[in-house]
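# Structural overview
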Amino acid sequence: GFTALVFNDANGNGTQDAGEGGLANVQILVTDAVGTVRTLTTNAGGTATAQLPPGSTTVDIVEASLPPGAALTAGTDPRTITIVAGTPAATVNGF
């Protein structure tokens, strides 16, 4: 499966440190290898999950769903990842 983590990088150092929790209710657009677009929403812990088909997948955080003034400090957005059958895949982004 695929898991996305979006966290509050309060000190802006690009790493999720102790006390820097996930960001809830962030929307993530995922376009899978067959062209299906899904909107995932992070839970209270800042994660969102989906079962995706193998192949090239684009993951794009919807900036309008982030807290006001949020700026990317960790990860790449948008990014393209490769989903491999039977292998977990993940993205991590800090704001």
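These remarks concern the structure in this document. Residue numbers run consecutively from 1 along every chain, following the written order of its sequence. Local features in a predicted model are, by the rule used here, given only for residues with pLDDT of at least 70; side-chain atom pairs are given and counted only at 80 or more, and totals for whole chains, interfaces and linings are based on all residues. Remark: hydrogens and water are excluded; side-chain values derive from all non-hydrogen atoms of the structure.

## Comments concerning the side chain of Asn93
Tracing the sequence through the fold places Asn93 in strand S7 (residues 89-94). Those residues in contact with Asn93 that lie beyond four places of it in its chain are Leu5, Val6, Phe7, Ile61, Leu72, Ala74, Gly75, Thr76 and Asp77. Every helix listed is a DSSP run of H or I at least four residues long, and every strand listed is a run of E at least two residues long, numbered separately from the N terminus. Two residues form a contact once any of their heavy atoms are found within 4.5 Å.

## Structural notes on the sheet that holds strand S4 (residues 47-50)
Sheet architecture is open: three strands sit in the order S4-S1-S7, paired in mixed fashion. Two strands bound the open sheet, and with one partner strand each, they are S4 and S7. Strand-to-strand twist of the sheet, defined as the mean angle between neighbouring strand axes without regard to direction, takes the value 10 degrees. Bridge analysis of strand S1 (residues 2-7) against S4 gives four bridges, and the strand direction is antiparallel. If you follow Leu5 over to S4, its bridge partner there is Thr47. When DSSP finds at least two bridges between two strands, those strands are taken to pair. Helix axes are fitted to C-alpha atoms over the stretch in contact, other axes to C-alpha atoms as well, and angles between N-to-C directions run from 0 to 180 degrees.

## Examining the pattern of salt bridges
Take a side-chain nitrogen of Lys or Arg and a carboxyl oxygen of Asp or Glu: if they are within 4 Å of each other, that pair is a salt bridge. For the structure on display, the rule yields one salt bridge. Here Asp32 and Arg38 are joined by a salt bridge, their closest N and O atoms 2.8 Å apart. Think of it in three bands: residues with accessible area under 20% of the maximum for their type are buried, residues over 50% are exposed, and the middle band is partly exposed, with areas taken using a 1.4 Å probe on protein chains only. Classification of Asp32 as buried rests on a relative accessible area of 4%.

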